[in-house]
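# Descriptive structure summary
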Amino acid sequence: MTTFAELGVDQDIVEALSARGIIDSFPIQEQTIPLGLPGQDIIGQAKTGTGKTFGFGIPVVQRLGLDPSPGVKALIVVPTRELAVQVYEDIDMLTQNRSTSVVAIYGGKAYEGQIEQLQAGAQIVVGTPGRLIDLAGQRLLDLSGAVEVVLDEADKMLDLGFLPDIEKIFQKLPAVRHTQLFSATMPGPIVTLARRFMSNPIHIRANDPDEGLTQANINHLVYRAHSLDKDEVIARILQAEGRGKTVVFTRTKRAAQKLMDELGDRGFSVVAVHGDMSQEARERSMAAFKAGKKEILIATDVAARGIDVDDVTHVINHTIPDDEKTYLHRAGRTGRAGKTGIAVTFVDWEDLHKWALINRALEFGQPEPRETYSSSPHLFEDLGIPAGVRGRLSTAPRTETVKTAAGGSDRAARSDAPRRRRRRSEGSAPADAVSVPAEHGAERAAETDGQGTHDGSGKGHHDGNAAPARRRRRRRAPRTGGAPTVG
DNA sequence: AAAAAAG
């Protein structure tokens, strides 16, 4: 392993990194930093969770040097607000031993603080396109001196949804500049398009050629969702002992909200992030998940790219993503920085063609998703769920839909799952005899209410609100013993 | 077609 100092990184940046326990460099960093430092334009491609941010971030910070003059000299554009926050934090960390100032510019937040920081002379801007264009249009953000430019998740930034915004932004940038584009996925046509914004870029692929396209340390499991109750199976996965942080992806905002309500009703400690939530609630969710205060994150594809959370052990695709790129990015929330992870995907009947596409593109060699059913032993074996938990869970009471006037009692009756888990990890008696602590229901209700459904701002009354969703809940008769209909 | 991104 090469140290950062050996790559030519300034001592104060090396110290900032080591203060965070970062000593050794990753392959993408070894390849891009020595080129980025002298100003080479780079298209940098490396798998998820292998250190791309520092691959471009260190050269950006170092090239600005110790120039104290105020004004924007570097611009880093990212596709989501949460990623803007994260990249801002990473870059800010790199500058901790020098005076370079960094600001995050993104929507859903008050203008005031962001404008103040710009007027105070911020030198590095990390932001999302909408707010950047907004502030540039108001002459509150001057990009004409941004000689360091990065598109993170570059293929996303150059796809149809973002391209017009990106073109507007590039029009405001100086012609002579250092431009870097990074992503785990870089389709050929996008590389061609990207060259329009760069001068003689080098395309760096930090991928071992005989490795596959996917991360070797992520175990990919794919099941057809036909003959099983997805919510039920996901609940059981979430009950597993030894499961760490888990991200559950859905296709729509509504589905995310619904699943959060469902799991919340079962007593799981969950947070959600999707575009129908207030920005404040989104950031609260991410902070709780990152800190480990909440172990389950329900998300739309807003969280598919770039989000770096330590020790995510499982990614669950409640709905299969539309294409192989999204699949790769979603799965890549686990198995980061050399750790292992499991990605579980449920394929609905109408989505079989999507699996065919992803399977072919990523060369999984598994043309059909595995057949499984709600209490299938092999499913839980695959997932590494301990036998004891499995046995107990398969007999978990699944009757319900008690309609009560006061939501408290029926809710308590249903929330056996995490109680079980907690008791067992304490090594105590079987949980069936244990009653739910009184405060449990109330605590959870408060959490649910705090997650963006109503944020007190009077807006954001998106469909699929918590309360109606809860009332709507009804479960079919329990699948008796899960008599499989394996095809 | 959905999600994201300004409000």
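Preceding block: the structure.
These remarks concern the structure in this document. (Residues numbered from 1 in each chain as written. Chains lettered and ligands numbered in written order. Predicted model: local features only at pLDDT ≥ 70, side-chain atom pairs only at ≥ 80, totals over all residues. Heavy atoms only, no water.)

## Brief notes about the packing of helix α6 (residues 129-137) against helix α8 (residues 163-171)
- Two numbers describe how α6 lies on α8: the axes approach to 10 Å, and their chain directions differ by 40°. Taken together, the axes of α6 and α8 are oblique relative to one another. In this structure, α6 crosses over α8, and the sense of that crossing is left-handed. Packed against α6, whose contacting residues are Pro129, Leu132 and Ile133, the element α8 presents Asp165, Ile166, Lys168 and Ile169 at the interface.
- Residue composition of the contact of α6 with α8, grouped by class: five nonpolar, no polar and two charged. (Axes fitted to C-alpha atoms, helices over the stretch in contact; angles between N-to-C directions. Helix = DSSP H or I, 4+ residues; strand = E, 2+ residues; numbered from the N terminus. Parallel < 35°, antiparallel > 145°, perpendicular 65-115°, else oblique. Left-handed = near helix turned anticlockwise from the far one by under 90°. Contact = heavy atoms within 4.5 Å. Nonpolar A, V, L, I, M, F, W, Y, C, P; charged D, E, K, R; others polar.)

## Section: the protein's contact with DNA strand B
- Taken together, 23 residues sit near DNA strand B, with Arg131, Thr252, Lys253, Gly275 and Asp322 positioned nearest.
- Sugar and phosphate atoms constitute 79% of the interface atoms of DNA strand B, taking the interface as everything within 4 Å of the protein.
- Between DNA strand B and the protein, one listed contact pairs a phosphate oxygen with a side-chain N or O atom of threonine 128 at 3.0 Å.
- Interatomic distance of 2.9 Å between a backbone N/O atom of glycine 130 and a phosphate oxygen of DNA strand B.
- Class assignment for the residues of the surface near DNA strand B results in five nonpolar, ten polar and eight charged. (Near = heavy atom within 4 Å. Polar contact = N/O pair within 3.5 Å; in protein donor to acceptor, adjacent residues only side chain to side chain.)

## Structural notes on empty space enclosed by the protein
- This structure, assessed with the given rule, holds four cavities of 30 Å³ or more.
- One number sums up the size of the second largest cavity: a volume of about 60 Å³.
- Contributing to the lining of the second largest cavity are Lys47, Thr48, Leu213, Thr214, Gln215, Ile218, His220, Leu328, Ala331 and Gly332.
- Only β8 (218-224) and α13 (324-331) provide two or more residues apiece to the lining of the second largest cavity. (1 Å grid on protein atoms, 1.4 Å probe; cavity = no way out; pocket = protein on both sides within 12 Å on 5 of 7 lines; lining within 4 Å. Points joined across faces, edges and corners; volume = space filled by probe spheres on them.)

## Looking at the sheet that holds strand β9 (residues 245-249)
- Read across the sheet, six strands follow the order β8-β13-β12-β9-β11-β10 without closing on themselves; strand pairing throughout is parallel. At either margin of the open sheet sits one strand with a lone partner, and together these are β8 and β10 (270-273). Mean inter-strand twist for the sheet, computed between neighbouring axes without regard to direction, equals 20°.
- Here seven bridges tie β8 to strand β13 (residues 341-347), and the two strands are oriented parallel to one another. The residue of β13 that forms the bridge with valine 222 is threonine 345. (Pairing = 2+ DSSP bridges.)

## A closer look at the sheet that holds strand β3 (residues 102-105)
- Across the sheet, which stays open at both edges, the seven strands sit in the order β3-β4-β2-β5-β6-β1-β7 with parallel pairing between neighbours. In the strand order of this sheet, the two ends are held by β3 and β7 (202-205), each with one partner. Between one strand axis and the next, the sheet turns by 15° as a mean value, whatever way the strands run.
- Of the strands in this sheet, β2 (74-77), β4 (124-127), β5 (148-152) and β6 (178-183) touch helix α3 (residues 52-64), which is tilted by about 165° from β6.
- Of the strands in this sheet, β2, β5 and β6 are in contact with α8, which crosses β5 at around 175°.

## Overview of the environment of leucine 259
- Within the secondary structure, leucine 259 sits in helix α11 (residues 253-265).
- Separated by 41 residues in sequence, leucine 259 and threonine 300 have C-alpha atoms that sit 11 Å apart.
- Not counting residues within four places of it along the chain, the set of residues in contact with leucine 259 comprises Asp231, Val248, Thr250, Ile298 and His318.

## Some words on the pairing of strand β11 (residues 296-299)
- Of the two faces of β11, the one lined by Ile296 and Ile298 and the one lined by Leu297 and Ala299 are each fully buried.
- Bridge analysis of β9 against β11 gives four bridges, and the strand direction is parallel. Across the sheet, valine 247 pairs through a bridge with leucine 297, a residue of β11.
- Note: β10 against β11, four bridges, orientation parallel. Residue pairing in the sheet places valine 273 in a bridge with alanine 299 of β11. (Buried < 20%, exposed > 50% of the residue type's maximum accessible area, 1.4 Å probe, protein only.)

## Some thoughts on the nonpolar core
- Counting 51 residues, the largest nonpolar core has Ile58, Ile76, Leu94 and Ile124 as the members making the most contacts within it.
- Both of domain 1 (5-205) and domain 2 (218-477) provide at least three residues apiece to this core.
- Excluding residues that lie within four positions of it along the chain, isoleucine 124 makes contacts with Val60, Val61, Leu64, Ala74, Ile76, Ile91, Thr95, Thr100, Ser101, Val102 and Val103.
- Listed in part, the 36 residues of the second largest apolar core include Ile105, Val149, Leu173 and Phe197. (Core = buried A, V, L, I, M, F, W, Y, C linked by side-chain atoms within 4.5 Å. Domains from an automatic or database assignment.)

## Description of unusual backbone geometry
- Phi at arginine 139 is positive, roughly 60°, even though this residue is not glycine.
- Inspection of the secondary structure assignment puts arginine 139 in the loop between α6 and β5.
- At glutamate 363, a position not held by glycine, the phi torsion is positive, near 55°.
- Inspection of the secondary structure puts glutamate 363 in the loop between α14 (352-362) and α15 (377-382).

## As for the pairing of β3
- Residues of β3 alternate between two faces, with Val102 and Ala104 on one and Val103 and Ile105 on the opposite face, all of them buried.
- Examined bridge by bridge, β3 and β4 share four bridges and lie parallel to one another. Looking across to β4, one finds that isoleucine 105 is bridged to glycine 127.
- You can see the chain leave β3, run along helix α5 (residues 111-119) and come back into β4, and the turn it takes is right-handed. (Right-handed = clockwise from strand over helix to strand, strands pointing away.)

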